[in-house]
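Tertiary structure, described
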Number of protein chains: 2
Amino acid sequence: MTKGADHFDLEGFLPYLLNQAAEATSRAFQAVYRDRYGMTRTQWRVLAHLGQFGAMTARDICARSHIEKTKVSRAVAALEGDGMLGRTPSPEDGRAEILSLTEKGRAAYADLGELAKAHDRALRGVVGQEASAKLDEVLQRLIDTT
Amino acid sequence: MTKGADHFDLEGFLPYLLNQAAEATSRAFQAVYRDRYGMTRTQWRVLAHLGQFGAMTARDICARSHIEKTKVSRAVAALEGDGMLGRTPSPEDGRAEILSLTEKGRAAYADLGELAKAHDRALRGVVGQEASAKLDEVLQRLIDTT
DNA sequence: AATATTTAGTTGCGACTGCAACCAAGTCAA
DNA sequence: TTGACTTGGTTGCAGTCGCAACTAAATATT
């Protein structure tokens, strides 16, 4: 017969582990964008999206990042207030606005991007070369299938 | 020379991937404890800790789970209000209270624990047998080294 | 053209969070 | 003992979140 009483184990529960790992790996970097630019996590992500992929509408950011529209809306408002991005009405759709980084926004992106790369390298060092690639693939699968 | 302009890639940024995966895998289960018991994530975790490891003080829960003490404090208050747990003053330390699940709390834990196991099995099915074990190990390493 | 339905984005509100300040009990050191 | 320091736990407050309701523009329907 198999081993008895296999009751639920929180510490082996995948969502729990993922949350802990996400929390742990995010915390250190969070301090960076918070202290340097007073940004929230969502703001940093919106900035990074615009920095990496160029001007796009809020709708596009939502689709790409799976961040709730209200979070994006508020992050955009805050970033605009800080002079990090500007809005131009879309010529194609009167409801939409095209978001693009200002000079200041691009500078912040360049700065934080470098630091993020360093942070990522450090984390991947912990994980190890081969496991790192596998990890990305697995995480991506989890993200996609949910 | 190496490949040119390797600028920051948000979608390959480990904290970002982990957050997305954590978010995605947690959301479905969150609906369960929210709809059935009106619990928050922290409440569910506290309940699970007490259910799995037995009576302990709030301090112990903090140490074990890395949840902030205020979060634990409020979750405990809420669970107590819902009749899920009770407190008894610690005989050893006049400040501490020993928390233990009530009958109702144990029932909720048994119910949710079963559902959690099923959810976990489904997720691990997505990841695959072997990758699953490796994943746990890698996540644990990230959690510990931070 | 006039009405109904979707979609981009914002806002109000109640709930949750984080941090710092706090209280009370325990410990340590003279 | 008395007074400084630590520790278990709670609370106030300001900020963030999620959801539902909303406005306004676009699209579909008749």
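Throughout what follows, the structure given in this document is the object of discussion. (Residues numbered from 1 in each chain as written. Chains lettered and ligands numbered in written order. Predicted model: local features only at pLDDT ≥ 70, side-chain atom pairs only at ≥ 80, totals over all residues. Heavy atoms only, no water.)

Residue and element names in this part refer to chain A. Strand order in this open sheet of 3 strands is E1-E3-E2, and the pairing throughout is antiparallel. Among the strands making up the open sheet, the edge pair consists of strand E1 (56-57) and strand E2 (85-89). Pairing geometry for E1 and strand E3 (residues 97-101), over 2 bridges, is antiparallel. Bridged to Thr57 within E3 is Ile98. (Pairing = 2+ DSSP bridges. Helix = DSSP H or I, 4+ residues; strand = E, 2+ residues; numbered from the N terminus.)

Residue and element names in this part refer to chain A. Applying the stated rule across the entire model yields 14 aromatic pairs over all chains. Relative to Trp44, the ring of Phe29 has its centre 5.3 Å away and its plane inclined at 65 degrees; by these criteria the two rings are edge-to-face. Here Phe29, found in helix H1 (residues 14-37), pairs with Trp44, found in helix H2 (residues 41-53); they are 15 residues apart in sequence, far enough to count as distant. In this structure, Phe29 and Trp44 share a single accessibility class: buried. Both rings, one in Tyr33 and one in Trp44, keep their centres 6.0 Å apart while their planes meet at 20 degrees; by these two values the pair is stacked. Taken together, the positions of Tyr33 in helix H1 and Trp44 in helix H2 put the pair 11 residues apart, joining distant regions of the chain. Since its relative accessible area comes to 2%, Trp44 is described here as buried. (Phe/Tyr/Trp six-rings, centres within 6.5 Å; stacked < 30°, edge-to-face > 60°. Buried < 20%, exposed > 50% of the residue type's maximum accessible area, 1.4 Å probe, protein only.)

For the rest of this paragraph, the subject is the pattern of salt bridges. The full count for this structure, using the stated rule, is 24 salt bridges over all chains. Residues Arg106(A) and Glu103(A) are paired through a salt bridge, measuring 3.0 Å at the closest nitrogen-oxygen approach. Placement of both Arg106(A) and Glu103(A) in helix H5 (residues 103-127) is noted, with a separation of 3 residues, approximately one turn of the helix. We classify Glu103(A) as exposed; its relative accessible area is 57%. With its nearest N and O atoms 3.4 Å apart, the salt bridge here joins Lys117(B) to Glu114(B). Of this pair, Lys117(B) and Glu114(B) both sit in helix H5 (residues 103-127), 3 residues apart, which is roughly one turn of that helix. One salt-bridge network, held together by shared partners, links Glu80(A), Arg87(A) and Glu97(A). (Salt bridge = Lys/Arg side-chain N within 4 Å of Asp/Glu carboxyl O.)

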